[in-house]
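Chain residues, written in single-letter form:
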Amino acid sequence: ALLYWFDSIGRLIRRIDLATGKRREIAMPSEIGMIAFRAGGGLIAALRDGLYFVDFDTGMATPANLIDTGRDVQRFNDGKIDRQGRLVVGTMHIKAPPDRRYFGRLYSVGADLRATVLEDFVGCANGQSFSPDGRTFYFTDSPKRQIWAYDYDTATGTISGKRTIFDTEPYKSPADGQTVDADGFLWTTLTGARKILRLAPTGRIAQEIDVAFNPTN
């Protein structure tokens, strides 16, 4: 089995063979927002200016779709593949002035690499994830401190019925990375509060985990 992870600011995608311990890393041309596996092999990565195909054998990153966001203070961030093979990926602001911090977008990118805007006025796209049946989509715009659920049309990749299921403001923290487990519960990280929450689809807290952090280690 191979485990992949990345250093976003360090611009490195890393891989380790869990059986042998052999490691490899390849450098990207810019910051990394997310990676996902491609059906035909290799990875797709969201970098500062768009999507790239990544080949670990050659160490090459080839532009796939340099999506024109039209916003010079944006870079691509988190994303997730739906069960039909679409990539739902969004952007975040880069040191933007206050009046330009919500100029990001959430996109759906099909197998043909065409991008469709699902949401506008995004500050920092995070936590894209899907229910086990693929019909509920979860998303958070971290600075807004809300976790939303949407109805997800698996045939078209469109979203509707936006509703807040959890407000992170009482924790004084944004929500960041998220995933859904086999029971349909949403796991989310509250970076400012140093906590991980497991939420029922209704937003009820099922489990709360404190994460110790020692900056001297």
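This text goes with the structure placed above it.
The structure reproduced in this document is the subject of the present report. Just so you know, these numbers come straight off a predicted model, no measurement behind them. (Residues numbered from 1 in each chain as written. Predicted model: local features only at pLDDT ≥ 70, side-chain atom pairs only at ≥ 80, totals over all residues. Heavy atoms only, no water.)

**Things to note about the sheet that holds strand E2 (residues 12-17)**
Threshold: We treat two strands as partners when DSSP finds at least two bridges between them. A run of H or I in DSSP counts as a helix once it spans at least four residues, and a run of E counts as a strand once it spans at least two, with each numbered from the N terminus. Comment: axis = line fitted to C-alpha atoms, over the contacting stretch for helices; angle = value between 0 and 180 degrees taken between N-to-C directions.
Taken together, the 3 strands give an open sheet; going across it, the order is E1-E2-E3, and neighbouring strands pair in antiparallel fashion. A single partner strand is all that each edge strand has here, and the edge strands are strand E1 (2-7) and strand E3 (23-27). With direction set aside, neighbouring strand axes in the sheet form an average angle of 20 degrees. The sheet contact formed by E1 and E2 spans 6 bridges and is antiparallel. Paired with Phe6 across the strands is Ile13, a residue of E2.

**Looking at the sheet that holds strand E6 (residues 50-55)**
Sheets are built from strands that pair by backbone hydrogen bonding, the pairs being arranged parallel or antiparallel. A sheet is described by the order of its strands in space; here 4 strands give the open sequence E4-E5-E6-E7, paired in antiparallel fashion. Every interior strand has two partners, whereas the edge strands, strand E4 (32-37) and strand E7 (60-65), have only one. The sheet shows a mean angle of 30 degrees between the axes of neighbouring strands, taken without regard to direction. Relative to E6, strand E5 (residues 43-47) is paired through 5 bridges, and the arrangement is antiparallel. What sits directly across from Leu43, in E6, is Val54.

The values are spatial; any link to function lies outside them.
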